[in-house]
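Descriptive analysis of the structure
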Amino acid sequence: MRALLLIVALLGAWPQGSGEYVLVKKGSNEYHRPGCDLVRDTTDVVAMTRGEAESRGMKPHAACDPSKQGDRNTARTEYVFVAAGDKRYHRESCTKLGTPHQRITLEDAGKKKYWPCPVCKPPIRKRGA
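All figures in this text were calculated on a predicted structure; none of them were measured in a lab. Here the residue numbers are simple positions, counted from 1 along each chain's written sequence. For a predicted model such as this one, the threshold for reporting local features is a pLDDT of at least 70, and the threshold for listing and counting side-chain atom pairs is 80 or more; totals across whole chains, interfaces and linings nevertheless cover every residue. As a convention, hydrogens and water are excluded, and side-chain values are obtained from all of the structure's heavy atoms.

1. Focus: the overall build of the protein chain
Scanning the protein chain from terminus to terminus reveals four helices and eight strands. A run of H or I in DSSP becomes a helix once it reaches four residues, and a run of E becomes a strand once it reaches two; helices and strands are each numbered from the N terminus. The linear arrangement of helices and strands in the protein chain, starting from the amino end, is α-β-β-β-α-β-α-β-β-β-α-β. Counting every position in the protein chain, which comprises 129 residues, the buried fraction comes to 33%. Here, residues are in contact when the closest pair of their heavy atoms is within 4.5 Å. Of all intrachain contacts in the protein chain linking residues separated by at least 6 positions in sequence, the fraction that spans at least 24 positions is 52%. Total accessible area on the protein chain is roughly 8700 Å²; 50% of this is exposed by carbon and sulfur atoms. Buried, partly exposed and exposed residues are distinguished by accessible area as a fraction of the type maximum, computed with a 1.4 Å probe on protein chains only: under 20%, between the cut-offs, and over 50%, respectively. In short, Shrake-Rupley with a 1.4 Å probe defines the accessible areas, and a residue's cover is counted only from the protein chains shown.

Shown next as structure tokens:
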């Protein structure tokens, strides 16, 4: 729970450059952005600046590499999964996802009034989307 609170706090205070905050799993040589799925539910994480992580020889996780991110304000398409008769959207690996299921965009899930699954904790849709 502390890690989740830390991630939420860091998302609100996300500076740019080598002073931006990143998360490191204990024993790993990669750092992650706070929104990365690999550190989403992990409890053994440490927060530090990107500059500190790089000075310790750590490399960015492939999905978290700032040089490959481009403009942070550019929206990327995120997909979620829904099953007929379900009012929630899920990650593909969710145990609560029925079969058959279909992949839809997170934006469409919001338009169709689906809610995020409390079990798999998929990406959260923006309000009013």
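2. Looking at the pattern of salt bridges
Only one rule defines a salt bridge in this text: a Lys or Arg side-chain nitrogen within 4 Å of an Asp or Glu carboxyl oxygen. Scanning all chains against the criterion turns up two salt bridges. A salt bridge links Arg 50 to Glu 54; its shortest N-O distance comes to 3.5 Å. Residue Arg 50 and its partner Glu 54 are located together in helix H2 (residues 50–55), separated by four residues, close to a single helical turn. For Arg 50, a relative accessible area of 15% puts it in the buried group.

3. Concerning the packing of aromatic side chains
Put simply, two rings from Phe, Tyr or Trp (the six-membered ring, in Trp's case) pair if the centres are within 6.5 Å, and we call them stacked under 30 degrees between planes, edge-to-face over 60, tilted for the rest. Applying the stated criterion to the full structure yields zero aromatic pairs. Against the face of Tyr 79 rests Arg 103, its NZ or CZ located 3.8 Å from the ring centre. For a ring to carry a charge above it, either NZ of a lysine or CZ of an arginine must fall within 6 Å of the ring centroid while also lying within 35 degrees of the normal to the ring plane.

4. Quick look at the pairing of strand E1 (residues 21–25)
For two strands to be treated as a pair, DSSP must find at least two bridges joining them. Where E1 lies against strand E3 (residues 45–49), five bridges are found, and the strand directions are antiparallel. Residue pairing across strands places Val 24 opposite Val 46, the latter belonging to E3. Here two bridges tie E1 to strand E2 (residues 30–32), and the two strands are oriented antiparallel to one another. Paired with Val 24 across the bridge in E2 is Tyr 31. Once E1 ends, the chain turns through four residues before running back antiparallel as E2, passing Gly 27 with a positive phi of about 85°.

5. Details of the side chain of His 61
Position of His 61 among the secondary structure elements: in the loop between strand E4 (59–60) and helix H3 (66–69). Judged by relative accessible area, which is 15%, His 61 ranks as buried. Ignoring anything within four residues of it in the chain, the contact list for His 61 reads Glu 30, Tyr 31, His 32, Cys 36 and Leu 38.

6. What about the nonpolar core?
Only buried residues count toward a nonpolar core. Its members are Ala, Val, Leu, Ile, Met, Phe, Trp, Tyr and Cys residues joined through side-chain atoms within 4.5 Å. In terms of nonpolar packing, the biggest core is built from seven residues, these being Val 80, Val 82, Tyr 89, Ile 104, Leu 106, Ala 109 and Tyr 114. Put simply, the parts of the chain that give this core at least two residues each are strand E5 (79–83) and helix H4 (106–111).

7. Some points on the environment of Lys 26
Of note, Lys 26 is situated in the loop between E1 and E2. Among the residues examined, Lys 26 registers a relative accessible area of 62% and is labelled exposed. Linking Lys 26 and Val 45, residues 19 residues apart in sequence, is a C-alpha distance of 5.9 Å.

The quantities given are spatial measurements derived from coordinates; they are silent on function.
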